[in-house]
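Chain by chain, the residues run as shown.
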Amino acid sequence: MALAVGCRARPGKARDNKTGSWRVFRPIFDHEKCSKCGMCRTLCPEGCISEDKDGFFIPDYTYCKGCGICATECPKEAIEMKQEEK
Amino acid sequence: MMEITEGSHAVAEAVSLCRPQVISAYPITPQTHIVEALADFVANGKLDAEYITVENELSALSACVGASAAGSRAYSATTSQGLALMFEVCFNAAGMRLPIIMSIANRALGAPLSIWNDQQDSISLRDSGWLQFYAEDNQEATDLHYIAYRVAEDPSILLPAFVCFDGFILSHTYEPVDMLSQEEADRYLPGFAPAERLDAADPISFGMYATPEYYLEFRYEMDLAHKRAKDVIAKAGKEFGSLFGRDYSALVEGYRLDDAETVIVTMGSLCGTVKDTIDEMRAEGKNVGLLKIRVFRPFPTEDVAKALARAKRVAVLDKNISLGSKGAVALEIRDALYGSGIPVRDYILGLGGRDVRKKDIREIVALLERGEGDQFYGLRKEVL
């Protein structure tokens, strides 16, 4: 991304800002435990969890900030937060 | 046309000739007469501008930020505590690259409360990203407003600017001022036409967040703009000179400097007192000269080094103090002369409106020649 003078931005720039770099803990999804309830997708503040063709849920690590709400709320405890190594 | 007028009114007149579209300010001594006059101009239909009255300076500069982002030429004026209240907005205006011009009628900062002059207020915002011009007299104070707008609005710069002049000493003093006509002002300063502006039909946000991967680069770009501004100021000052006969191409200006062994460096109205003293001392055979700093940000380090290369000793007169360190101007001069071996001594003086007279300049030259400096000058030992 080239720098915009005065850090000015058109709407929709959130797509261009790869907020995944903020992450300290990475959510790891265990599809063995997952009941496909979709709570993680509903509560993700970044809107970066989507359903795959088999009905499981996968995060987009390009945008996931690692807030951990999905892991805290998952009724099956199927999401584990693991420290990032950078 | 030559007028004999109060400094504040001369500045208001010049600002009006710059055709600001939005003015927002809050009255504060000694800036009040400027904004009073501008409010009159707007109310009487002399100036076609939106005058936004606000509850304090934080709002005044915030209104200017919005106006400038929306594509208007914006103006404010303040001093001292008012400028202190604008601290946050100052950094934002610069970071959003909004070419707002603000007159600063320099005044001391409290506590203790003082309405009188020194330059601590604008100096304390030296790192905010605003360009800083300092005027010696009311002619310069008015002329620098046109130049400031020209430089600030240059697409390669896009930075806000302070035009600073000493409170009371200039703002409340009647001096002859050669005022441009509206036609002349328009010829020098075309309308503000930014490439990007707030527009509901084509939305854009200014000053978005920057993650650690980008923030450093944004500050770097601002610093580059400051460095480019040195040339842009020189060009704008030269063009002003070719049109109106008063050349402001030099960011620092020497007075009887060429063969001077002892050089005094200072900014603002004090330069006039120093020049008069130099004339007297020269008549007595003393090789004394002045280097006047007209532009403090960006700081013209190379110009200073060149101008002072032949000096044997330098006294810097600072109407400010970075408490626990030195005067802000002296630090810059020492940096410019680093490695040259030329001794630079700092004198903190004139704070809170203390008069600096010709005999004080003579005394400082004597101190400098004895190698005594880096001190507060003129302390009243009987009250300590």
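Here is what the cut-offs are and how they apply
Residues numbered from 1 in each chain as written. Chains lettered and ligands numbered in written order. Predicted model: local features only at pLDDT ≥ 70, side-chain atom pairs only at ≥ 80, totals over all residues. Pairing = 2+ DSSP bridges. Helix = DSSP H or I, 4+ residues; strand = E, 2+ residues; numbered from the N terminus. Axes fitted to C-alpha atoms, helices over the stretch in contact; angles between N-to-C directions. Contact = placed C-beta atoms within 7 Å. Nonpolar A, V, L, I, M, F, W, Y, C, P; charged D, E, K, R; others polar. Parallel < 35°, antiparallel > 145°, perpendicular 65-115°, else oblique. Left-handed = near helix turned anticlockwise from the far one by under 90°. Buried ≥ 20, exposed ≤ 12 C-beta atoms within 10 Å, placed from the backbone. Right-handed = clockwise from strand over helix to strand, strands pointing away. Domains from an automatic or database assignment.

1. What to know about the sheet that holds strand β3 (residues 50-53) of chain B
Residues and elements named next belong to chain B.
Moving on, step 1. Taken together, the seven strands give an open sheet; going across it, the order is β3-β2-β4-β5-β7-β6-β12, and neighbouring strands pair in mixed fashion. Two strands close off the open sheet at either side, each with one partner strand: β3 and β12 (295-297). Adjacent strand axes in the sheet meet at a mean angle of 20° when their direction is disregarded.
Moving on, step 2. Sheet topology places strand β4 (residues 74-78) next to strand β5 (residues 101-106); four bridges connect them, and they run parallel. Bridge assignment links A77 to a residue of β5, and that residue is S103.

2. Some details on the interface of chain B and chain A
It is common to give the size of an interface as the accessible area that goes away when the parts come together.
Moving on, step 1. Counting residues at the interface gives 18 residues for chain B and eleven residues for chain A.
Moving on, step 2. Of the residues forming the side of chain B that touches chain A, the biggest block, three residues, is contributed by helix α9 (residues 215-244) of chain B.
Moving on, step 3. Split by residue class, the side of chain B that touches chain A holds nine nonpolar, four polar and five charged.

3. Digging into the packing of helix α7 (residues 138-152) of chain B against α9(B)
Residues and elements named next belong to chain B.
Moving on, step 1. It is the contact of α7 with α9, at a shortest axis distance of 9 Å, that shows an interaxial angle of 130°. Put simply, α7 runs oblique to α9. With respect to the hand of their crossing, α7 and α9 are arranged in right-handed fashion. Residue-level inspection shows D143, Y146, I147, R150 and V151 of α7 in contact with α9, the latter providing A229, V232, I233, A236, G237 and F240.
Moving on, step 2. Partitioned by chemical class, the residues of the contact of α7 with α9 number eight nonpolar, one polar and two charged.

4. Quick notes on the pairing of strand β11 (residues 288-293) of chain B
Looking along a regular strand, one sees side chains alternate from face to face of the sheet.
Residues and elements named next belong to chain B.
Moving on, step 1. With respect to burial, β11 is a largely interior element, six of its six residues being buried.
Moving on, step 2. Judged by which residues are buried, β11 turns out to be covered on both faces: V288, L290 and K292 on one side and G289, L291 and I293 on the other are all buried.
Moving on, step 3. Where strand β10 (residues 262-266) and β11 come together, five bridges link them in parallel fashion. Bridge pairing in β11 links V263 to G289.
Moving on, step 4. Note that the unit made of β10, helix α10 (residues 270-283) and β11 has a crossover that is right-handed.

5. Points about the domain arrangement of chain B
All names here are of chain B.
Moving on, step 1. The domain architecture assigned to chain B consists of domain 1 (2-244) and domain 2 (252-383).
Moving on, step 2. Taking only C-alpha atoms into account, the centre of domain 1 sits 27 Å from that of domain 2.
Moving on, step 3. In this assembly, 27 residues from domain 1 lie in contact with 20 residues from domain 2.
Moving on, step 4. Where the side of domain 1 that touches domain 2 is concerned, the elements lending two or more residues are α6 (120-123), β6 (131-134), β7 (161-166) and α9.

6. Let's talk about unusual backbone geometry
Moving on, step 1. Look at the link from T29(B) to P30(B): it is a cis peptide, with omega at 0°.
Moving on, step 2. Relative to the elements of secondary structure, P30(B) occurs in the loop between β2 (22-25) and α2 (32-43).
Moving on, step 3. Residue A111(B) is reached from G110(B) by a cis peptide bond, and omega for that bond is 0°.
Moving on, step 4. Positionally, A111(B) belongs in the loop between β5 and α6.
Moving on, step 5. Not every positive phi belongs to a glycine, and C7(A) is a case in point at roughly 50°.
Moving on, step 6. The topology assignment puts C7(A) in the segment before β1 (25-29).
Moving on, step 7. Even without being glycine, R97(B) reaches a positive phi, approximately 60°.

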